[in-house]
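Topology and contacts: notes
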Amino acid sequence: MRLAWKIFFLTIPVFLLSLTLLGTWILQESFQSNLKRERERCFMENQMFQVSYELTWHAVAQQNQEESVRAIAEGIHKNSGAEAGNTRIYGEDGVEVLYQDTQEQVQNEIRENLTENVNVGAQIAFQDGRYYIVVLSRSSTGVYIETVRDLTPVFEERDRRQSVYQTGAFLITFVMGGLMLGILYLVMGNTRKLSRTVRSFAMGQYDVRANIRSRDEIGRLASDFNWMAGVMNAQMEQLKAEVSRQEAFTSAFAHELKTPLTSIIGYADTIRSTELSREENDMSADYIYRQGKRLLSLSYKLLELSSMDGKETDFRRILFSELIQEVAEIVAPVLEKKNLSLLLDIKPGFVYGDRELLGSAFINFLDNAAKASRPGKRIWMTGYPEEGSYLVSIQDEGMGVKKEELSRLTEAFYMADKSRSRKEGGAGLGLALCKKILELHGAAWQMESEPGEGMRITILFRMPKRKKRSRGERP
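Notes on the structure follow. Just so it is clear, the structure is predicted and the values come from calculations on it, not from any experiment.

1. Some details on the overall build of the protein
Across its full length, the protein holds 11 helices and 14 strands. For the protein, long-range pairs separated by at least 24 residues make up 65% of all intrachain contacts whose partners lie at least 6 apart in sequence. A total accessible area of about 29,400 Å² is found for the protein, and carbon and sulfur atoms account for 54% of it.

Here it is as structure tokens:
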């Protein structure tokens, strides 16, 4: 059952019950007020008749008691202007009727309840389909005075009002039910919109959003859904990008393997099936050796890249100038071969990290700078401490890259200039490896470059809060 119908079927009975109880209370209060007024009126008539009777009893001299009583009663009615037809006077035994001007004989049990201290009583009686109120009092002269009043109109008025109220209550409930359904339909319109949006989102339309501007709970729910949809959409985009990168990685890896393996197989087949001269045989073997070394280097790079996650490492305090001096000695043959100059300006300072990993990262940075530079160019490397950190900068005079390619340089196997990179023996894994190492050390870094103006890499090492950290753990 829908929420709107649940609210309707829960609210309408409560509304109808409340309306019925309120109406019943009001009608009962009105009925009791009318009944009390008629009772007091009957009491007053009885008491006035009793007082008048007692005052005139001693002034009337009659031989017959019944005639005296009649004369007194008729005189009272005449003097007071009261209507006849509701009084009866009994003798001292309470049975003999001395006077009556009404034909209604209403049965009651008042006389049995009268005492010396309580000489008046009242009772409501139902007789022959009508309601009566009977007031009976005992006079000081010894007679009983009974006053009767017909209450049937009061009860009929109560029943009439109840009937009218019940009809009105049902009509009001019907109208209110219709209005409530209309209001619920309008209010639940936002839930229908949200439901359609959720279904569209579930069917793959991740850019769809709930266009609800209300400030109620539905509006907040829609806002939370939009936030969730935005987060999920961003995550889906990240997954798509990751899948694309994985596909590109697989394609590039296959291509990197295909080219040298094809050459190796071709030269090996030539050596095996063809008579070659000594010079041709040495050339083929040299090519096979160089391509094999390239594949070995590629495998080492991939192994190093994949093994950086999940291993625990010990971060130590490292004198940065000593680390760079070791790196410079390692890359010196490469720089000398290309006639490149490495200009160092390293100020005393410390960084915290893994010496082997940081050395590998800076070797890759300088190696990439060397591959991008023409013979005779220079490479600058500076380093100086700042408050709570150490800033390193590497600048070359190489070919440079376009700004839109900078963010992709750290992707595995991506090469801005593929022909030059392969000629230099690169596979596009150096900067990807550097990125992982710097992330492991919690270092912030950026690359700046323009075509023909070289590249500048800036690295900021911060003082870590703890010395031990698992590889792959977010800094």
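2. Notes on helix 4 (residues 189-202)
Here helix 4 spans 20 Å end to end across 14 residues, near enough to the 20 Å set by a 1.5 Å rise per residue. For helix 4, the complete set of buried residues consists of Gly189, Asn190, Leu194, Thr197 and Phe201. On an axial view of helix 4, the arc spanned by its buried residues comes to 140°, and they lie on one face. Gly204 occupies a position one or two residues after helix 4 and carries a positive phi of about 110°.

3. Description of the packing of aromatic side chains
Counted according to the given criterion, the structure contains 10 aromatic pairs. Relative to Phe225, the ring of Phe201 has its centre 5.8 Å away and its plane inclined at 75°; by these criteria the two rings are edge-to-face. Residue Phe201 is found in helix 4, and its partner Phe225 is found in helix 5 (residues 217-273); the two are separated by 24 residues along the sequence. Summarising the aromatic geometry, the rings of Phe362 and Phe461 are spaced 6.4 Å apart at their centres and angled 45° between planes, so their arrangement reads as tilted. Highlighted residues: Phe362 in helix 8 (residues 355-372) and Phe461 in strand 13 (residues 455-462), separated in sequence by 99 residues. Classification of Phe362 by relative accessible area gives buried; the value is 0%.

4. Considering the sheet that holds strand 2 (residues 97-100)
Picture the strands of a sheet paired through backbone hydrogen bonds; they go either parallel or antiparallel. Ordered by their spatial adjacency, 5 strands build an open sheet running 2-1-5-4-3, and the pairing between neighbours is antiparallel. Whereas interior strands pair on both sides, the edge strands pair on one side only; in this sheet they are strand 2 and strand 3 (120-127). Put simply, the sheet's adjacent strands are angled 20° from each other on average, direction ignored. Where strand 1 (residues 87-90) lies against strand 2, 3 bridges are found, and the strand directions are antiparallel. Paired with Ile89 across the two strands is Tyr99, which belongs to strand 2.

5. Let's talk about the pattern of salt bridges
One pass over the structure, following the stated rule, counts 14 salt bridges. Glu146 is the partner of Arg88 in a salt bridge, and the nearest nitrogen-oxygen pair spans 2.9 Å. Taken as a pair, Arg88 in strand 1 and Glu146 in strand 5 (residues 144-150) lie far apart in primary sequence, 58 residues in all. Considered together, Arg88 and Glu146 belong to a single accessibility category, that of buried residues.

6. Observations regarding unusual backbone geometry
Of note in the backbone geometry, Asp128 takes a positive phi value of approximately 55° without being a glycine. Relative to the helices and strands, Asp128 resides in the loop between strand 3 and strand 4 (130-138). The exposure class of Asp128 is exposed, given its relative accessible area of 71%. At Asn339, a residue that is not glycine, the phi angle is positive and equals roughly 60°. Within the secondary structure layout, Asn339 lies in the loop between helix 7 (320-337) and strand 8 (341-346).

7. Details of the sheet that holds strand 8
Taken together, 5 strands build an open sheet; the order of strands is 8-10-11-13-12 and the sheet is mixed. Edge strands, defined here as strands with exactly one partner in the open sheet, are strand 8 and strand 12 (444-449). Here the strands of the sheet are splayed against their neighbours by 10° on average, with no regard to which way each runs. Note that strand 10 (residues 378-386) and strand 11 (residues 389-396) share 8 bridges and pair antiparallel. Its bridge partner lying in strand 11, Pro385 is registered against Tyr390.

Cut-offs applied
- Residues numbered from 1 in each chain as written.
- Predicted model: local features only at pLDDT ≥ 70, side-chain atom pairs only at ≥ 80, totals over all residues.
- Heavy atoms only, no water.
- Helix = DSSP H or I, 4+ residues; strand = E, 2+ residues; numbered from the N terminus.
- Contact = heavy atoms within 4.5 Å.
- Areas by Shrake-Rupley, 256 points an atom, 1.4 Å probe, with all protein chains shown as cover.
- Expected span 1.5 Å × (residues − 1).
- Buried < 20%, exposed > 50% of the residue type's maximum accessible area, 1.4 Å probe, protein only.
- Arc of directions from axis to C-beta.
- Phe/Tyr/Trp six-rings, centres within 6.5 Å; stacked < 30°, edge-to-face > 60°.
- Pairing = 2+ DSSP bridges.
- Axes fitted to C-alpha atoms, helices over the stretch in contact; angles between N-to-C directions.
- Salt bridge = Lys/Arg side-chain N within 4 Å of Asp/Glu carboxyl O.

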